[in-house]
Each structure stands twice: as C-alpha cells, then as structure tokens.
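Here are the chains, one letter per residue:
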Amino acid sequence: DIEKQEFSRFPTKTGRRSLSRSISQSSTDSYSSAASYTDSSDDETSPRDKSQLNSKGSSDFCVKNIKQAEFGRREIEIAEQDMSALVSLRKRAHSEKPLAGAKIVGCTHITAQTAVRFTFFNNKLQSPDSSCSVFLMEMGCVSVFAWKGESEDDFWWCIDRCVTTEGWQPNMILDDGGDLTHWVYKKYSSVFKKIRGIVEESVTGVHRLYQLSKAGKLCVPAMNVNDSVTKQKFDNLYCCRESILDGLKRTTDVMFGGKQVVVCGYGEVGKGCSAALKALGAIVYVTEIDPICGLQACMDGFKVVKLNEVIRHVDVVITCTGNKNVVNRDQLDRMKNGSMVCNMGHSNTEIDVASLRTPELTWERVRPQVDHVIWPDGKRVILLAEGRLLNLSCSTVPTFVLSITATTQALALIELYNAPEGRYKQDVYLLPKKMDEYVASLHLATFDAHLTELTDEQAKYLGLNKNGPFKPNYYRYTSR
C-alpha cells in the first residue's frame, strides 16, 4: 500500500546524487573509532546554519559555499563544450519561451553538467560547491538547495524547502528516483493535485509511478523518460561502459586482466559494465532473473550463473539491478579475502550494507569512498562508496551522454506543459518516438554525421513519413 509505506523504505537517492558525500552516519551506526567519517572541508558548519547571499542579494538557496560560484561557472563552461546539442536547444527555448509560467521543482544530481541543464531555464545560473539534492526553478530563476556531505535529514530538508518556499508553488516535477514525487504526494497532497506533469528518469522512480497509477492514485500525467531510447541506450549503456572503469580504477588502482568479476543484472547498465570489463581481459560472469536478458548474456559470451555459485571465488561483485538486497550478508560473509563489492544500479539498497554495521565487524577507511570491512578472522572486503552509485560517487559521468539525457528531459517537460487538455490523462506515458529521434538528430552534428534520406518511393514502400518517426512508439531499439 503506497499510503502506508514509510519514506525510509523508499530506495533513497541521497548517495546516488552525491559525488563525494560524507560517509558519516548517525551515532547509532556501529563503526570503529578509525572509521569516523567526516567531510573533507575545513568548515564543519552546516549550510543550513549559514547566512549567505548571491550576487543579486538573494538568500533563497542553500549550498556549502556561495563564494565558489565563479569556479562553478568555469566548470559549466567546460561542460558546455561537449553539450552543444542542449546548448543549441537552449538558445531556441530562450527565444520561444515554451515553458513561460512553468514553476519546476526537481530532485537530481547537481553537477556542472546538470547545471547546463538548468541554464536551459536561466542562462545566468552559476553552480556553487554543491553536489546533490534539490532545485526549484521558474523561467529566469533557479534556486539550489544542495551541498556535499548532506545527511539523510539534510536531504529531506532540502526537498521540503523547495516544495514549501514562501510565495511559490510548483506546477511541474522533474525527478530522478521518485523521492521528490513521493514526498509531495504524501506530505502535500493539495500541491500534488495541482501539478501539471511529472518527468521521471530513473527505473526506481518510474516503478513508483506505475505503482501509483495501478492503484488509481496518480492524479497527474507523468512522462517515463527512463524507458525512452535516448535514455536507455545512451545514458544506461554507453555511459556505464566508460564510467565503470573510471570509478574502479580511481578508487582501487586494481588491474582487471584475469580478474573474475560477477555482474548482477544484464540490462543496459549490466551490458555496458560487462563489455568494458571483458575488454580489459576480466573473466565476467552474469546473474539474471529474466530469461531474455540471460540468453543475451550467453550469446554475448558470458557465463550466466547464480551468485551463490561463484561468490566464494570471484574477485569483484558489481550490482546493476535497481533491486534491493541483491548481495546479502550471508553472501558477503562468504566472499574471499581482498574481494571487492560495488553498485552501479540506481538504488543504494542493492548491497545490504546495513547488515555490515554490527559490533563484530570493523570498518576501516582506506581513502575517500573506499572502506575495508574487516571480519573477526581478519578477512577484508573492499566496499566502494558504501554501496551507493559507483560512477557518480567515485568518478564522473561522460558529459556528452548527460547532454542526451538532459535534452530528452527538457523536451518531455515542454511536451507535458504545453500539451492541449485531454492529450495526456492521469497515467504514465513514454516519450513520443518523434522526440526521441529529434534528440538523437541534434547530437549527430557533433560527429559530422550525415543521414541518408528516403526517396518518395522508398517512404511509400515502407509506409513512413520521410521525416519520421521511423519506428512506432512500441518499438525498442534497446537490447533488453
């Protein structure tokens, strides 16, 4: 029952958004004194307790240090160089103003790349020293509530501040994980009923939306961006194919040639991770629940196994499912000394990290985002980013891929906001295929690619419009 679920039971996104979140937890966590983690900043004052003003004299934000704004601007300028498609769409949006009157509240990663997305709405945005959480925006105004080292309480406080800002009420939601949507749904039902549309980009968030829809409790139309081709194929597959190695190498310096690795899940993320590790010479096993994905893994040359069959001898375990307790305490107990476990899925619940916070186990910080969990017999297992998303916690995500996803999200917002009454009912929809193709076409220019055009005769033979869409909405380019 959606109504009865506690928010703590939703797979939260705090860790996934944070690039370098402090690993400090509540005093009830059973850490050794050697593993008392704090943020690396010399200033331990909570941003919630600071009084800061931006260049326009406004205090309607909460970040770690607004004085870092100029540095943020330079970071944005670097990101813009590989986000030319989004920048070109931004110019058009500033001219045509398709979101005039839109009041968007969002919850997503806060990086230089996502700051470029915000400039879609405001071309004077600066990105201060913040790495996760929530933003609210109108055309010409963006307020960010986010900082590196947020606690769980800080995370929900940031969301609440965005929703309850005085003199401002959102009419659109841009979400990545479902936390914001469910907070508004449960805490502010009157606000939720006035929302004109929701855009959601993650598998977990989409799952929650479908739950609400099935229960008849989704009172606004929602756009499932996660299952759009330009999200699945590029963000999930190509992005993870590169960022998995970046995250693993930065944190451990391990050589993967000859290492035995098990990848849990062979969706788009699992496919990207498996391909990258195989290319380095690793011996890769795959676990799957879906026979179609399992067969794909076999055809791609991977051995499909149950985790319990290989857990004792593999060197690395990588979760890519978006599910919970994919790696449980019993399996962690059976991993060999020196093995490594990490998560590339959406949620921070895939690895049962909570079960490792017990008195008999010792936590030892090795370096930022790298912990040794030590068993009584001296066995050590390397845990990366406390089970949160590896690439965003320990490395970076390719800018070009984020341009594709951000452009898709922007078009989804424009579509929902400007759709005539009756086009979208109180349900979850896929992005129209024509828009998917438009996003792809904008990015082809980066490669100086030239598409072949159908002749009139060919278009008639196929029953297509020469300008697309070239596939029906139900067709999936993705390999899942």
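None of the values given here were measured: they were computed from a predicted structure.

Definitions and limits used
- Residues numbered from 1 in each chain as written.
- Predicted model: local features only at pLDDT ≥ 70, side-chain atom pairs only at ≥ 80, totals over all residues.
- Heavy atoms only, no water.
- Helix = DSSP H or I, 4+ residues; strand = E, 2+ residues; numbered from the N terminus.
- Buried < 20%, exposed > 50% of the residue type's maximum accessible area, 1.4 Å probe, protein only.
- Areas by Shrake-Rupley, 256 points an atom, 1.4 Å probe, with all protein chains shown as cover.
- Pairing = 2+ DSSP bridges.
- UniProt positions renumbered as here; feature names shortened; annotations may be inferred.
- Polar contact = N/O pair within 3.5 Å; in protein donor to acceptor, adjacent residues only side chain to side chain.
- pLDDT = per-residue confidence, 0-100.
- Contact = heavy atoms within 4.5 Å.
- Axes fitted to C-alpha atoms, helices over the stretch in contact; angles between N-to-C directions.
- Left-handed = near helix turned anticlockwise from the far one by under 90°.
- 1 Å grid on protein atoms, 1.4 Å probe; cavity = no way out; pocket = protein on both sides within 12 Å on 5 of 7 lines; lining within 4 Å.
- Points joined across faces, edges and corners; volume = space filled by probe spheres on them.
- Nonpolar A, V, L, I, M, F, W, Y, C, P; charged D, E, K, R; others polar.
- Domains from an automatic or database assignment.
- Salt bridge = Lys/Arg side-chain N within 4 Å of Asp/Glu carboxyl O.
- Phe/Tyr/Trp six-rings, centres within 6.5 Å; stacked < 30°, edge-to-face > 60°.
- Lys NZ or Arg CZ within 6 Å of the ring centre and 35° of its normal.

Caption draft 1: Examining the overall build of the protein more closely. Secondary structure assignment for the protein yields 17 helices and 15 strands. With 480 residues in all, the protein has 55% of them scored as buried. Element-wise, carbon and sulfur atoms account for 50% of the exposed surface of the protein, whose accessible area totals about 21400 Å².

Caption draft 2: Region of interest: the sheet that holds strand β9 (residues 303-304). An order of β9-β8-β7-β10-β11-β14-β13-β12 is seen for the 8 strands of this open sheet, with the pairing classed as mixed. This sheet does not close on itself; its edge strands, each paired only once, are β9 and β12 (362-367). Pairing geometry for strand β7 (residues 260-264) and strand β8 (residues 283-287), over 5 bridges, is parallel. Bridge pairing in β8 places Val-262 opposite Tyr-285.

Caption draft 3: Structural detail: the UniProt feature "binding site: substrate" (unreviewed entry) in the protein. With numbering aligned to this structure, UniProt lists the feature "binding site: substrate" (unreviewed entry) at Thr-111, Asp-176, Glu-201, Lys-231 and Asp-235. Tracing the backbone through its elements, the reader meets Thr-111 in the loop between β1 (103-109) and α4 (112-118). Looking at Thr-111, the relative accessible area reads 10%, which means it is buried. At 3.1 Å, the side chain of Thr-111 and the side chain of Gln-113 are in polar contact. Mapped onto the fold, Asp-176 is located in the loop between β4 (172-175) and α6 (179-187). Residue classification places Asp-176 among the buried residues on the basis of a relative accessible area of 1%.

Caption draft 4: Broad picture of the confidence of the model for the protein. Per-residue confidence for the protein gives a mean pLDDT of 84, with 86% of residues at or over 70. Overall, residues 1-42 carries pLDDT values under 50, and its contacts beyond four positions in sequence, including any with other chains, amount to 123 contacts. For the stretch residues 123-132, pLDDT sits under 50, and the model shows 49 contacts to residues farther than four places along the chain or on other chains.

Caption draft 5: How the structure looks around the environment of Met-435. You can see Met-435 is positioned in helix α16 (residues 433-444). Along the chain, Met-435 and Ala-412 lie 23 residues apart, while their C-alpha atoms are 8.4 Å from each other. Leave out the neighbours within four places in its chain, and Met-435 touches Leu-411 and Glu-415.

Caption draft 6: Expanded view of the packing of helix α5 (residues 152-164) against α6. Viewed as axis vectors pointing N to C, α5 and α6 meet at an angle of 60°, and their least axial separation amounts to 11 Å. The interaxial crossing formed by α5 with α6 has right-handed handedness. For the pair α5 and α6, contact is made by Phe-155, Trp-156, Ile-159, Asp-160 and Val-163 and by Asp-179, Leu-180, Trp-183 and Val-184, respectively.

Caption draft 7: Spotlight on the layout of surface pockets. Of the voids in this model, the second largest pocket is the one considered here, and its volume is about 830 Å³. What lines the second largest pocket is a set of 30 residues, and nearest its centre among them are Glu-437, Ala-440, Ser-441, Leu-444 and Leu-451. For the lining of the second largest pocket, the elements supplying multiple residues, two or more each, are α9 (229-252), α15 (399-418) and α16. Each residue belonging to the lining of the second largest pocket can be placed in one class, and the counts come to 16 nonpolar, 5 polar and 9 charged. Taken domain by domain, the lining of the second largest pocket gets at least three of its residues from each of domain 1 (2-231 + 397-434) and domain 2 (237-393).

Caption draft 8: Structural context of the pattern of salt bridges. Under the definition given, this model contains 16 salt bridges. Arg-250 is paired through a salt bridge with Asp-246; the nearest N and O atoms lie 2.7 Å apart. Of the two residues, Arg-250 and Asp-246 both sit in helix α9, 4 residues apart, roughly one turn of that helix. The closest approach of N and O atoms between Glu-364 and Arg-380, which form a salt bridge, is 2.7 Å. In this pair, Glu-364 is assigned in strand β12 and Arg-380 in strand β14 (residues 380-384), connecting sequence segments 16 residues apart. Through salt bridges with shared partners, a single ionic network connects Arg-48, Asp-153 and Asp-154.

Caption draft 9: Focus on the packing of aromatic side chains. Applying the stated criterion across every chain yields a total of 9 aromatic pairs. Summarising the aromatic geometry, the rings of Phe-145 and Trp-157 are spaced 6.4 Å apart at their centres and angled 70° between planes, so their arrangement reads as edge-to-face. Residue Phe-145 is found in strand β3 (residues 141-145), and its partner Trp-157 is found in helix α5; the two are separated by 12 residues along the sequence. Taking the centre distance of 5.5 Å and the plane angle of 45° together, the rings of Phe-234 and Tyr-238 count as tilted. With Phe-234 and Tyr-238 both in helix α9, this residue pair falls 4 residues apart, about one helical turn. For Tyr-238, a relative accessible area of 30% translates into the label partly exposed. Each member of the aromatic cluster is reached from another via a ring pair, and the members are Phe-145, Trp-147 and Trp-157. Sitting over the ring of Phe-302, Lys-278 keeps its end group 5.0 Å from the ring centre.

Caption draft 10: Representation of the environment of Asp-290 in the model. One can find Asp-290 in the loop between β8 and α11 (291-299). Residue classification places Asp-290 among the partly exposed positions, given a relative accessible area of 30%. Each C-alpha atom, one on Asp-290 and one on Gly-267, is 9.4 Å from the other, the two residues being 23 residues apart in sequence.

Caption draft 11: Representation of α6. Among the 9 residues in α6, 7 count as buried, and that is most of the element. Buried within α6 we find Asp-179, Leu-180, Thr-181, His-182, Trp-183, Val-184 and Tyr-185.

Caption draft 12: Layout of unusual backbone geometry. The omega torsion across Gly-468 and Pro-469 is 0°, close enough to zero to call that bond cis. Within the secondary structure layout, Pro-469 lies in the segment after α17 (456-462). Although it is not a glycine, Ala-385 sits at a positive phi angle of roughly 55°. Secondary-structure assignment places Ala-385 in the loop between β14 and α14 (390-394). With a phi angle near 55°, Asp-448 is a residue other than glycine that sits in the positive phi range. Structurally, Asp-448 is set in the loop between α16 and α17.

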